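Chain by chain, the residues run as shown.
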Amino acid sequence: MRRFLDLADLERDEVVALLELARRLEKHPEPQALAGKILGLVFFNPSLRTLASFQAGMARLGGSSFVITPGQGTWQLETRLGVEMSGAAAEHVREGIPVLASYCDALGIRAFADGKDLKSDLAETTFNAMAALVDKPLVNLESAMNHPCQALADWKTMDDLGVPRDGRFVLSWVYHPRALPLAVPSAAVHMAAYRGMEVIVLRPDGFALPPEIMERARRAAALSGGSVRETTDREDALAGANIVYAKEWGATACYGNAEGDAGLRKALTSWCVRNDWFARTATDCRLMHCLPVRRNTAVADEVLDSPRSAVQHEAYNRLVVQMAVLYKLLKGM
Ligand code: CP
């Protein structure tokens with residue numbers, strides 16, 4: 001494996017093998033496995049889990065890491081191609097990224113969606129332009145439409161919790177005061193379909209996931225015996241659910257239009273996961289969320305503080321699965 005950019009790049013049995021490696025490293029630590037190796041981490045956007053878990057994971061395997069947050073103690077990096085650089089950015093990624101790659105053995109990049117042009121974000125224009133500049137093993141730390149590390153951790157979390165492979169996975173839109181990117185919902189819907197689950201995207205009108213994302217998930221479902229559909233009917237979606245995966249995202253009906261988005265979402269504050277959402281789910285239905293989460297806005301205290309909540313376990317699994325990814329990228333075994 002040379003790159004970890006998208007779970008869809010891996011055959012299903014390769015995902016299962018990666019999760020087996022993660023379990024092995026969890027049970028039998030290898031503190032010298034990556035001795036002498038250096039991981040570079042470039043964050044164009046904020047992070048808590050991804051940053052800390054990659055640094056911790058690299059250290060636990062005997063390697064080291066450096067972190068660059070462009071514009072915060074380092075030069076601001078321009079990502080757009082062909083622009084006259086008369087603004088705040090002192091350096092272009094076309095120079096900066098290859099320089100950073102030359103200092104390390106593997107590089108990770110986080111670059112969220114611009115959130116203005118859906119077609120460009122679906123094409124991963126910014127991330128792919130940077131990926132093309134890297135001649136070392138590369139990890140997607142979250143791009144416009146993908147978060148493969150989160151998806152892999154979520155798959156392992158469901159395995160750990162004994163969630164049936166063909167169980168019902170409800171990805172539910174939840175309220176947030178502003179539009180958030182589509183990366184996690186896109187990755188989650190694909191991951192659950194690839195796992196073989198009955199996937200239901202529950203969302204209000206105006207918040208449908210793009211057809212390209214739904215089609216990609218359906219292709220994964222076809223490979224694994226799962227299914228994918230969407231609905232606005234909460235009762236229908238939640239009946240018998242094994243997982244409620246809460247996530248905030250922007251209105252796709254008016255992508256890039258902050259005013260239009262705000263107009264749609266202002267009537268949707270009731271989309272906060274509360275105990276009564278679980279009235280008709282499986283009794284052992286779990287709540288998942290990638291974090292960060294806004295308490296009592298997206299998910300209520302009564303759910304986050306209950307045994308239903310798997311959010312801490314998901315976050316812990318980020319460390320475990322990313323160690324497997326680094327091991328595979330840098331040791332090749
Ligand atoms: N879930 C996740 O990627 O968390 P961070 O944004 O804190 O890295």
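Scroll up to find the structure this text is about.
Rules used throughout
Residues numbered from 1 in each chain as written. Predicted model: local features only at pLDDT ≥ 70, side-chain atom pairs only at ≥ 80, totals over all residues. Heavy atoms only, no water. Helix = DSSP H or I, 4+ residues; strand = E, 2+ residues; numbered from the N terminus. Buried < 20%, exposed > 50% of the residue type's maximum accessible area, 1.4 Å probe, protein only. Contact = heavy atoms within 4.5 Å. Pairing = 2+ DSSP bridges. Axes fitted to C-alpha atoms, helices over the stretch in contact; angles between N-to-C directions. Parallel < 35°, antiparallel > 145°, perpendicular 65-115°, else oblique. Nonpolar A, V, L, I, M, F, W, Y, C, P; charged D, E, K, R; others polar. Disulfide = S-S within 2.5 Å. Phe/Tyr/Trp six-rings, centres within 6.5 Å; stacked < 30°, edge-to-face > 60°. Core = buried A, V, L, I, M, F, W, Y, C linked by side-chain atoms within 4.5 Å. Domains from an automatic or database assignment. 1 Å grid on protein atoms, 1.4 Å probe; cavity = no way out; pocket = protein on both sides within 12 Å on 5 of 7 lines; lining within 4 Å. Points joined across faces, edges and corners; volume = space filled by probe spheres on them. Near = heavy atom within 4 Å. Areas by Shrake-Rupley, 256 points an atom, 1.4 Å probe, with all protein chains shown as cover. Sits in = over half its atoms within 2 Å of the grid points. Expected span 1.5 Å × (residues − 1). Bend = angle between axes of the 7 residues up to and from the residue.

Engineer: Residue-level account of unusual backbone geometry, with values.
Structural biologist: Backbone torsion omega between L291 and P292 reads 5°, so that peptide bond is classified as cis. Tracing the backbone through its elements, the reader meets P292 in the loop between β12 (286-288) and α11 (301-304). Although it is not a glycine, L291 adopts a positive phi angle of roughly 65°. In this structure, L291 sits in the loop between β12 and α11. Even without being a glycine, N296 presents a positive backbone phi close to 65°. Residue placement: N296 occurs in the loop between β12 and α11. For N296, a relative accessible area of 40% translates into the label partly exposed.

Engineer: Summarise the side chain of H190; cite the residues concerned and give the values.
Structural biologist: Relative to the assigned elements, H190 resides in helix α7 (residues 183-195). Sequence-distant contacts of H190, that is, excluding residues within four places in its chain, are made with L7, A8, R216, A217 and A220.

Engineer: Tell me about the pairing of strand β11 (residues 243-247), and please be specific about residues and values.
Structural biologist: Consecutive residues of a regular strand have side chains that alternate between opposite faces of the sheet. In terms of burial, β11 is largely enclosed, as five of its five residues are buried. What you see with β11 is no split at all: I243, Y245 and K247 on one side and V244 and A246 on the other are buried throughout. Pairing analysis gives three bridges linking β11 to β12, with the strands arranged parallel. Residue I243 lies in a different strand from β12, and its bridge partner there is R286.

Engineer: So what about the packing of helix α1 (residues 12-27) against helix α6 (residues 148-160)? Which residues, and what values?
Structural biologist: Look at α1 against α6: their axes get within 11 Å of each other, and the N-to-C directions meet at 70°. Here α6 runs roughly perpendicular to α1, going by the angle between their axes. Contacts between α1 and α6 involve R12, V15, L18, L19, A22, R23 and E26 from the first element and L152, W155, K156, D159 and D160 from the second. In terms of residue class, the contact of α1 with α6 is built from six nonpolar, no polar and six charged.

Engineer: Just give me the short version of the state of the cysteines, but keep the residues and values in it.
Structural biologist: Applying the stated rule across the entire model yields zero disulfides. Residue C149 stays outside any disulfide, its sulfur separated by 13 Å from that of C290, the closest cysteine. Just so you know, C272 is unpaired, no disulfide at all, and the nearest cysteine sulfur is the one on C290, 15 Å from it. Relative accessible area serves as the criterion here: at 1%, C272 is assigned to the buried category.

Engineer: Residues and numbers for the packing of aromatic side chains, please.
Structural biologist: Summed over the entire model, instances satisfying the criterion amount to five aromatic pairs. Considering the side-chain rings of W155 and Y194, the 6.2 Å spacing of their centres and the 75° angle between planes classify their relative orientation as edge-to-face. In this pair, W155 is assigned in helix α6 and Y194 in helix α7, connecting sequence segments 39 residues apart. Of the two residues, W155 and Y194, both sit in the buried class. On the numbers, 6.4 Å between centres and 80° between planes, the contact of W271 with W277 is edge-to-face.

Engineer: Before we move on, could you go through the nonpolar core and cite the residues and values that matter?
Structural biologist: One finds F169 and L287 to be the most contacted residues of the largest nonpolar core, which totals 96 residues. Looking at this core, the element that brings in the most residues is helix α12 (residues 311-331), giving twelve residues. Residue-level mapping places this core at the junction of two domains, with at least three residues from each of domain 1 (3-147 + 315-330) and domain 2 (150-314). The residues contacting L287, other than those within four sequence positions of it, are V244, A246, V273, F278, V299, V303, L304, R308, S309, A310 and V311. In this structure, V42, C104, L107 and A131 belong to the second largest nonpolar core, which totals 18 residues.

Engineer: Describe empty space enclosed by the protein, listing the residues and the values that go with them.
Structural biologist: This model, assessed by the stated rule, comprises one cavity of 30 Å³ or more. What the largest cavity holds in volume is close to 40 Å³. Around the largest cavity, the lining residues are A111, F112, S120, D121, E124, T125, T126, F127 and A144. Within the residue set of the lining of the largest cavity, elements represented by two or more residues are α4 (118-122) and α5 (125-131). Considering every element that reaches the lining of the largest cavity, the biggest residue donor is α5, with three residues.

Engineer: Outline the site of the ligand, listing residues and values.
Structural biologist: The environment of the ligand is made up of S47, L48, R49, T50, R110, H147, Q150, C290, L291 and R318. Contact with the protein chains removes 94% of the 260 Å² of surface that the ligand exposes when unbound. Placement of the ligand is best described as lying within the largest pocket. Along the lines of polarity and charge, the residues of the shell around the ligand split into three nonpolar, four polar and three charged. Per-domain counts for the shell around the ligand show at least three residues from each of domain 1 (3-147 + 315-330) and domain 2 (150-314).

Engineer: Describe in detail α12, supporting the description with residues and values.
Structural biologist: With 21 residues, α12 should reach 30 Å at 1.5 Å per residue; the first-to-last C-alpha distance of 30 Å fits that figure. If you look at α12, its biggest bend is around 25°, right at N317. Counting buried positions along α12 yields 16 of 21 residues, so the element is predominantly enclosed. Positioned one or two residues after α12, G332 has a phi angle of 70°, which is positive.

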